[in-house]
Amino acid sequence: MALQLLLHVAFLRLSATAGPSVQGRDFRTPAVAWPSYFDLNWPQEVQETIQIPNNGSAPLLVDVRVFVSNVFNVDILRYTLSSMLLLRLSWLDTRLAWNASVRPRRAVTLPWDSLWTPGLTIQEALWVDWQGQSPRARVDPDGHVDLYLTLTTETNCDFELLHFPRDQSDCNLSFYALGNTALELEFRAHAVNEIVSVKREYVVRDLKTQVPPQQLVPCFQVTLRLQNTALKAIIALLVPGEALLLADMCGGLLPLQATERIAYKVTLLLGYLVFHSSLVQALPSSSSCNPLLIYYFTVLLLLLFASTMETVLLAALLARGDLRAKSGPSPTPRVEQHGHGDSEPNPEGAPRVKGSRRSRAEAADHVFFLVYVVGVVCSQFFFIGLWMWATCKSDPAPGKAVPHGGQPRL
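Below is a summary of the structure that appears in this document. (Residues numbered from 1 in each chain as written. Predicted model: local features only at pLDDT ≥ 70, side-chain atom pairs only at ≥ 80, totals over all residues. Heavy atoms only, no water.)

1. Section: unusual backbone geometry
Here comes step 1: In the segment running from phenylalanine 164 into proline 165, the intervening peptide bond is cis, with an omega of 15°.
Here comes step 2: Looking at the secondary structure, you find proline 165 in the loop between strand S8 (144–156) and strand S9 (168–176).
Here comes step 3: In this structure, asparagine 73 takes a positive phi of about 50° despite not being glycine.
Here comes step 4: You can see asparagine 73 is positioned in strand S2 (residues 60–75).
Here comes step 5: The exposure class of asparagine 73 is partly exposed, given its relative accessible area of 48%. (Helix = DSSP H or I, 4+ residues; strand = E, 2+ residues; numbered from the N terminus. Buried < 20%, exposed > 50% of the residue type's maximum accessible area, 1.4 Å probe, protein only.)

Written out as structure tokens, the structure reads:
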């Protein structure tokens, strides 16, 4: 009886307006816009099919298969990702069953708003676009219902970016049925990875589903494990930084008295400052566990600054010594007063002072160059070790840090 009324109403709705569009962050079950002459005499059997099927003392079991077809637009600066999903929802509603021997039909399709369907809300979603404006459910003779939903969504993801650009993060999509309780409805979820293309920066390495225990609201969770291929970041970030550091070490081989050395060092420092300012904008930041590259490039900036300051200071000392030597009295008249026979070079004369000062400056520059090279090499090995073994535990969310925060639990 209920099936006949559903088929009759579905046939009448073909001439009516199109079904209600589904927008926003959830897939709701709105009130059915039946023809006006059905408002006064609403059949009880049809009205019952809008309610959740009764499964006795046990909750209704809904089997969910999540097909992930695409993951795109991974934005680590906004901590968001976009994905395309296909959901297959299956459950048993004995009220829709019919005698196959009397009516030999293998299956019928009904509008989604003419029977009960679970309303889904994605907790992490910023927006959801349900592709099908009026999806239809397939009903078997035994009352088994299959409903397919296709959606594109942009969700928030807490990326673990400590080891960027070789980072790996788990992004969750939590589906809640807010219209029911855990005593009425229970999900059993499975995930299928249908992504075949890996020609992108972030790729999906693993896909799994779980049903969180002890929830007041029925829910299931889909976890996407994303891994960065790192090729773009290595070419754009690491290679220029290492090239500037190597060029700075080679600049230490220039003579200290050469005027081109100061111009060379200052040019490298200014160029790295421009690179560093654009780098800070390109790398993400968070309240905890910032990428190690931020600290690494800051150390490179300090090394270039120390090398440039050393060159400027030693060159300034040499220039001031030369000015003092030129402005001092000439030693030639003093030598002529003693005659040609007993003339000896003054041990305190300007040429020897000038030569000793130059030699001390060059020796200090040579020692600094060796210490600088050793420091650069040690910093590289230290960073490699920190990259391989360093871990960071993110701070808990503000809602979970308070006694009554977090998700509702029994």
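2. A short note on the side chain of serine 169
Here comes step 1: Tracing the backbone through its elements, the reader meets serine 169 in strand S9.
Here comes step 2: Exposure remark for serine 169: the relative accessible area of 1% places this residue in the buried category.
Here comes step 3: Polar contacts involving the side chain of serine 169 include one to the main-chain amide nitrogen of glutamate 160, which spans 2.8 Å. (Polar contact = N/O pair within 3.5 Å; in protein donor to acceptor, adjacent residues only side chain to side chain.)

3. A closer look at the pattern of salt bridges
Once the charged atoms of two side chains with opposite charge are near each other, the side chains can pair.
Here comes step 1: Considering all chains together, one arrives at 10 salt bridges under this definition.
Here comes step 2: A salt bridge links aspartate 63 to arginine 188, with the nearest nitrogen and oxygen atoms 3.3 Å apart. You can see aspartate 63 sitting in strand S2 and its partner arginine 188 sitting in strand S10 (residues 185–193), a full 125 residues away along the chain.
Here comes step 3: Taking the relative accessible area as the measure of exposure, aspartate 63 reaches 15% and is therefore buried.
Here comes step 4: Since its relative accessible area comes to 43%, arginine 188 is described here as partly exposed.
Here comes step 5: Residue aspartate 140 pairs with arginine 138 through a salt bridge whose shortest N-O separation is 2.8 Å.
Here comes step 6: The exposure class of aspartate 140 is buried, given its relative accessible area of 16%.
Here comes step 7: When its relative accessible area of 39% is taken as the criterion, arginine 138 is described as partly exposed.
Here comes step 8: Taken together, the shared-partner salt bridges connect Asp75, Arg78 and Glu154 into one network. (Salt bridge = Lys/Arg side-chain N within 4 Å of Asp/Glu carboxyl O.)

4. Structural notes on the packing of helix H3 (residues 231–251) against helix H5 (residues 292–327)
Here comes step 1: Where H3 contacts H5, the two axes come as close as 11 Å, and the packing angle between them is 20°. The orientation of H3 relative to H5 falls into the category roughly parallel. The chirality of how H3 crosses H5 is left-handed. Across from Leu237, Leu238, Gly241, Glu242, Leu244, Leu245 and Asp248 in H3, the residues of H5 making contact are Leu293, Tyr296, Phe297, Leu300, Leu303, Leu304 and Ser307.
Here comes step 2: Residue classes in the contact of H3 with H5 are distributed as 10 nonpolar, 2 polar and 2 charged. (Axes fitted to C-alpha atoms, helices over the stretch in contact; angles between N-to-C directions. Parallel < 35°, antiparallel > 145°, perpendicular 65-115°, else oblique. Left-handed = near helix turned anticlockwise from the far one by under 90°. Contact = heavy atoms within 4.5 Å. Nonpolar A, V, L, I, M, F, W, Y, C, P; charged D, E, K, R; others polar.)

5. Points about the pairing of S9
Here comes step 1: By the bridge criterion, 2 bridges tie strand S5 (residues 120–122) to S9 in an arrangement that is antiparallel. By the bridge assignment for S9, threonine 121 is matched with tyrosine 176.
Here comes step 2: Relative to strand S12 (residues 219–228), S9 is paired through 9 bridges, and the arrangement is antiparallel. Bridged to phenylalanine 175 within S12 is phenylalanine 220. (Pairing = 2+ DSSP bridges.)

6. As for the state of the cysteines
Simply put, the disulfide is a covalent bond whose two ends are the sulfur atoms of two cysteines.
Here comes step 1: Per the counting criterion, the structure on display carries 2 disulfides.
Here comes step 2: Two residues share a disulfide in this structure: cysteine 157 and cysteine 171, whose sulfurs sit 1.9 Å from each other. Around the S-S axis, the bridge from cysteine 157 to cysteine 171 shows a dihedral of about -75° and counts as left-handed. Of this pair, cysteine 157 sits in the loop between S8 and S9 while cysteine 171 sits in strand S9, and the two are 14 residues apart along the sequence. Cysteine 171 matches cysteine 157 in its accessibility class, with the two residues each being buried.
Here comes step 3: Sulfur-sulfur distance for the disulfide between cysteine 289 and cysteine 392 comes to 1.9 Å. Taking the sign of the torsion about the S-S bond as the criterion, the disulfide between cysteine 289 and cysteine 392, at about -90°, is left-handed. With cysteine 289 in the loop between helix H4 (259–282) and H5 and cysteine 392 in the loop between helix H7 (350–389) and helix H8 (398–401), this residue pair connects regions lying 103 residues apart in the sequence.
Here comes step 4: By relative accessible area, which is 12% here, cysteine 289 ends up buried.
Here comes step 5: If you count the bonded cysteines of the protein from the N-terminus, they pair up as 1-2, 3-4. (Disulfide = S-S within 2.5 Å.)

7. Side note on the nonpolar core
Proteins that are soluble and globular tend to have nonpolar side chains buried together.
Here comes step 1: Formed by 74 residues in total, the largest nonpolar core has its most connected members in Val62, Phe159, Phe164, Phe175, Phe220 and Phe297.
Here comes step 2: For this core, the element with the most residues is H5, which contributes 8 residues.
Here comes step 3: Setting aside chain neighbours within four positions, we find phenylalanine 159 in contact with Val74, Asp75, Ile76, Tyr79, Thr80, Leu81, Ser169, Cys171 and Leu226. (Core = buried A, V, L, I, M, F, W, Y, C linked by side-chain atoms within 4.5 Å.)

8. So, the side chain of threonine 311
Here comes step 1: Residue placement: threonine 311 occurs in helix H5.
Here comes step 2: For threonine 311, the side chain forms a polar contact with the main-chain oxygen of serine 307, separated by 3.2 Å.
Here comes step 3: The contacts of threonine 311, once residues within four sequence positions are left out, are Leu256, Arg261, Ile262 and Lys265.

9. Some words on the packing of aromatic side chains
Here comes step 1: Tallying each qualifying case throughout the model produces 11 aromatic pairs.
Here comes step 2: Between phenylalanine 187 and phenylalanine 220 the ring centres are 5.1 Å apart and the planes differ by 65°, which places this aromatic pair in the edge-to-face class. Note that phenylalanine 187 is positioned in strand S10 and phenylalanine 220 in strand S12, a separation of 33 residues in sequence. Judged on exposure class, the residue phenylalanine 187 and its partner phenylalanine 220 are both buried.
Here comes step 3: Between the aromatic rings of phenylalanine 275 and phenylalanine 297, the centroid separation amounts to 5.9 Å while the plane-to-plane angle is 75°, which identifies the pairing as edge-to-face. Of this pair, phenylalanine 275 sits in helix H4 while phenylalanine 297 sits in helix H5, and the two are 22 residues apart along the sequence. Considered together, phenylalanine 275 and phenylalanine 297 belong to a single accessibility category, that of buried residues.
Here comes step 4: Ring pairs connect the aromatic residues Tyr272, Phe275, Tyr296, Phe297, Phe383 and Trp387, which therefore count as one cluster. (Phe/Tyr/Trp six-rings, centres within 6.5 Å; stacked < 30°, edge-to-face > 60°.)

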